[in-house]
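Here is how the chains run, residue by residue.
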Amino acid sequence: MNVLAVVVAAVAAFLVSGAYYGALGARLARLSPAYAPGAGRSAAATAVTEVVRNVVLALVVAGLARGLGADALGPALLLALVLWVGFPVLLLAGSVFHERVPVALAAIHAGDWLLKLLVVAGVTGAWA
């Protein structure tokens with residue numbers, strides 16, 4: 001496993017996710033009080049938490065890709081799509097159904113997960 005690729009993938013996912021949520025901030029605030037101005041955690045705590053989460057994600061995706069032989073760009077991106085449908089989409093669909101999370105909010109989170117998985121798989125797959 002290429003450690004540099006994992007670090008670059010985690011940072012890239014962090015930046016893409018931050019830009020994505022930044023662009024949707026007003027919409028998120030209308031959908032959930034958790035995103036209202038002043039309702040969140042400190043910027044430092046959020047940044048550290050998200051970088052750690054993205055490092056773990058990059059390690060898991062890179063490890064799965066390597067173990068499955070999907071360690072080139074095309075197969076890694078396909079793996080990202082399969083993981084997206086198999087995990088975040090199903091979990092978010094459950095939250096919509098069982099917890100009445102607004103569909104729009106779940107769709108925003110699903111979009112973030114798709115971007116993160118594609119970025120992580122793309123970077124780690126290209127550097128495999």
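Values in this document were obtained by computation on a predicted structure and should not be read as measured data. (Residues numbered from 1 in each chain as written. Predicted model: local features only at pLDDT ≥ 70, side-chain atom pairs only at ≥ 80, totals over all residues. Heavy atoms only, no water.)

Some details on the environment of Leu31
Line of reasoning, step 1. On the secondary structure map, Leu31 appears in helix 2 (residues 25-31).
Line of reasoning, step 2. Remark: the alpha-carbon pair of Leu31 and Ala106, spanning 75 residues in sequence, is separated by 10.0 Å. (Helix = DSSP H or I, 4+ residues; strand = E, 2+ residues; numbered from the N terminus.)

Some thoughts on the pattern of salt bridges
Line of reasoning, step 1. Within this structure, the stated rule accounts for two salt bridges.
Line of reasoning, step 2. Salt-bridge contacts for Glu50 lead to Arg53; the nearest nitrogen and oxygen are separated by 2.9 Å. In this pair, Glu50 and Arg53 both sit in helix 3 (residues 43-68), three residues apart, roughly one turn of the helix.
Line of reasoning, step 3. Look at Arg53 and you get partly exposed, because its relative accessible area is 39%.
Line of reasoning, step 4. Put simply, Asp112 and Lys116 hold a salt bridge, and the shortest N to O gap is 3.1 Å. Residue Asp112 and its partner Lys116 are located together in helix 5 (residues 103-126), separated by four residues, close to a single helical turn.
Line of reasoning, step 5. A residue is classified by how much of its surface remains accessible, and Asp112, at 2% relative accessible area, is buried. (Salt bridge = Lys/Arg side-chain N within 4 Å of Asp/Glu carboxyl O. Buried < 20%, exposed > 50% of the residue type's maximum accessible area, 1.4 Å probe, protein only.)

Observations regarding the packing of aromatic side chains
To describe a pair of aromatic rings, you give the distance between the ring centres and the angle between the ring planes.
Line of reasoning, step 1. Applying the stated criterion to the full structure yields one aromatic pair.
Line of reasoning, step 2. Consider the rings of Tyr20 and Tyr21, whose centres lie 5.5 Å apart with planes at 75 degrees: the pair is edge-to-face.
Line of reasoning, step 3. A cation sits over an aromatic face here: Lys116 above Trp113, 4.6 Å from the ring centre. (Phe/Tyr/Trp six-rings, centres within 6.5 Å; stacked < 30°, edge-to-face > 60°. Lys NZ or Arg CZ within 6 Å of the ring centre and 35° of its normal.)

Here's the deal with a nonpolar patch on the surface
Line of reasoning, step 1. Taken together, the side chains of Val48, Val52, Val56, Val60, Leu64 and Leu68 make up a nonpolar region of the molecular surface, amounting to roughly 530 Å² of accessible area.
Line of reasoning, step 2. Within the secondary structure, Leu64 is located in helix 3.
Line of reasoning, step 3. Judged by relative accessible area, Leu64 falls into the partly exposed class, the value being 34%. (Patch = residues over 30% accessible without salt bridge, like charges linked within 9 Å, V, L, I, M, F, W, Y side chains within 5 Å. Areas by Shrake-Rupley, 256 points an atom, 1.4 Å probe, with all protein chains shown as cover.)

Side note on the side chain of Thr124
Line of reasoning, step 1. Here Thr124 lies in helix 5.
Line of reasoning, step 2. Side-chain polar atoms of Thr124 contact the backbone oxygen of Val120, separated by 2.8 Å.
Line of reasoning, step 3. When sequence neighbours within four positions are dropped, the list of residues in contact with Thr124 reads Ala5, Val6, Ala9 and Ala62. (Polar contact = N/O pair within 3.5 Å; in protein donor to acceptor, adjacent residues only side chain to side chain. Contact = heavy atoms within 4.5 Å.)

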